[in-house]
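# Coordinate inspection notes
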Amino acid sequence: MKINEKTLDFSHISKDLDNISKKLYLESPEIWIDFSDKVGEKKLDEMVLFYASKFNYVSILKYAIDNDVIDINTPSKNKSYSSIKEHLLAVSRDYKSNNVYNYLNGDSESVQNDIEENINKSVELNEISEEESKNNDYFPIFLCPHCNTNILKSGYKVYEEINFGFSQDKNKSDELSRKRDSKVFCCNCNNNIDNVTTELLENICSIHNCKKCGKDLTQIGITEKIKMKFNEEDSKFIGNQKTYNCPSCDEELNQSQIKYFNL
Ligand SMILES: [Zn+2]
Ligand SMILES: [Zn+2]
């Protein structure tokens, strides 16, 4: 059966979604979290289709449209475009995503091959990225000193103090002030984690920042280190291992960062 004629189901596009997710992780961890949540709920909204269009995964658009997951003729959340379709057309034009562009334009002749090609391509890509992911499947880590769970996975929380008082103007109890407490608590064991701020934890999640002290490496730079090994034969030190470190706390950069910074 021709791929173009059959209705794709979610399992056909999950690899493509996964590939986009990997790209987003390196590009922007915040968008990546949002994207992953939506994909996890199989919620293919305008944002998800935006990235499918940007990275030219036509199968995702076809799935969403064929299965009535979304009506692309409804208004776009981006006010510059009259409809979601117009928005996606613009994205695919800007990023030269020809398969998506042709598909949205109803050029079904070429879409047939494009989808097959794209599915093959995504399988290849997936194989490559699985290879890479041995080093690359990075998830930021901050261990709770009390229960040893990674709070970036299990969650952390802060408290906000809201003060109320009677307002004569409104003749009711009203909010007087609101102050967020700077203490961070582990969601797993509920203990307070000392010397940690939400800012530090956000920084640790960003690929630009040191995973230990949270400082922005694009601001403070990177130290290149060569470990010298003593060679008995000629009684000389030879450099055989190179690492990249944070100049502030000496933490080694992880594989995702090395790749991201093209080191
Ligand atoms: Zn804990
Ligand atoms: Zn550091």
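Scroll up for the structure.
Let us look at the structure shown here. (Residues numbered from 1 in each chain as written. Chains lettered and ligands numbered in written order. Predicted model: local features only at pLDDT ≥ 70, side-chain atom pairs only at ≥ 80, totals over all residues. Heavy atoms only, no water.)

### Section: the coordination of the zinc ion (ligand 1)
Every protein donor of the zinc ion (ligand 1) is accounted for by Cys144 (SG), Cys147 (SG), Cys186 (SG) and Cys189 (SG), and the metal-donor separations fall at 2.3 to 2.4 Å. Bound by 4 donor atoms, the zinc ion (ligand 1) shows angles of 106 to 114° at the metal and therefore tetrahedral coordination geometry. All donors to the zinc ion (ligand 1) come from one chain, and their sequence spacing reads C-x2-C-x38-C-x2-C. A relative accessible area of 0% means that Cys144 is categorised as buried. Judged by relative accessible area, which is 24%, Cys147 ranks as partly exposed. (Donors = N, O, S within 2.8 Å, 3.2 Å for Na, K, Ca; no water. Tetrahedral: all angles 85-135°; square planar, octahedral: opposite > 155°, others 65-115°. Buried < 20%, exposed > 50% of the residue type's maximum accessible area, 1.4 Å probe, protein only.)

### Examining the pattern of salt bridges
Tallied over the entire structure, the rule returns 8 salt bridges. As a salt-bridge pair, Lys22 and Asp18 come within 3.7 Å of each other at their nearest N and O atoms. With a gap of 4 residues between them, Lys22 and Asp18 both fall in helix H1 (residues 10-27), about one helical turn apart. In this structure Lys22 comes out as partly exposed when scored by relative accessible area, which is 27%. When the shortest N-O distance is used, the salt bridge between Glu160 and Arg178 registers 3.0 Å. Here Glu160 is found in strand S2 (residues 160-167), whereas its partner Arg178 is found in strand S3 (residues 172-180), with 18 residues between them in sequence. (Salt bridge = Lys/Arg side-chain N within 4 Å of Asp/Glu carboxyl O. Helix = DSSP H or I, 4+ residues; strand = E, 2+ residues; numbered from the N terminus.)

### Thoughts on the packing of H1 against helix H3 (residues 46-54)
For the pair H1 and H3, the least separation of the axes is 10 Å and the interaxial angle reads 90°. In this view, H1 runs roughly perpendicular relative to H3, as classed from their interaxial angle. Note on element contacts: H3 touches H1 through Val48, Tyr51, Ala52 and Lys54, opposite Leu17, Ile20, Leu24 and Glu27. Class assignment of the residues belonging to the contact of H1 with H3 gives a composition of 6 nonpolar, no polar and 2 charged. (Axes fitted to C-alpha atoms, helices over the stretch in contact; angles between N-to-C directions. Parallel < 35°, antiparallel > 145°, perpendicular 65-115°, else oblique. Contact = heavy atoms within 4.5 Å. Nonpolar A, V, L, I, M, F, W, Y, C, P; charged D, E, K, R; others polar.)

### Focus: a nonpolar patch on the surface
Where nonpolar side chains cluster on the molecular surface, the patch consists of Ile226, Met228, Phe230 and Phe237 and spans about 420 Å² of accessible area. It is strand S6 (residues 223-231) that contributes the most residues to the nonpolar patch, 3 residues altogether. Along the chain, Phe230 falls in strand S6. A relative accessible area of 42% places Phe230 in the partly exposed class. (Patch = residues over 30% accessible without salt bridge, like charges linked within 9 Å, V, L, I, M, F, W, Y side chains within 5 Å. Areas by Shrake-Rupley, 256 points an atom, 1.4 Å probe, with all protein chains shown as cover.)

### Some thoughts on the coordination of the zinc ion (ligand 2)
At the metal site, the zinc ion (ligand 2) is ligated by Cys210 (SG), Cys213 (SG), Cys246 (SG) and Cys249 (SG), and these contacts range over 2.3 Å. Relative to the metal, the 4 donor atoms surrounding the zinc ion (ligand 2) lie at angles of 102 to 116°, and the coordination shape comes out tetrahedral. Along the chain, the residues donating to the zinc ion (ligand 2) are arranged with the sequence spacing C-x2-C-x32-C-x2-C. Separated by 36 residues along the polypeptide, Cys210 in the loop between helix H9 (198-205) and helix H10 (217-220) and Cys246 in the loop between strand S7 (236-245) and helix H11 (255-260) bring together distant segments of the chain. The pair Cys210 / Cys246 is uniform in exposure class, with both members buried.

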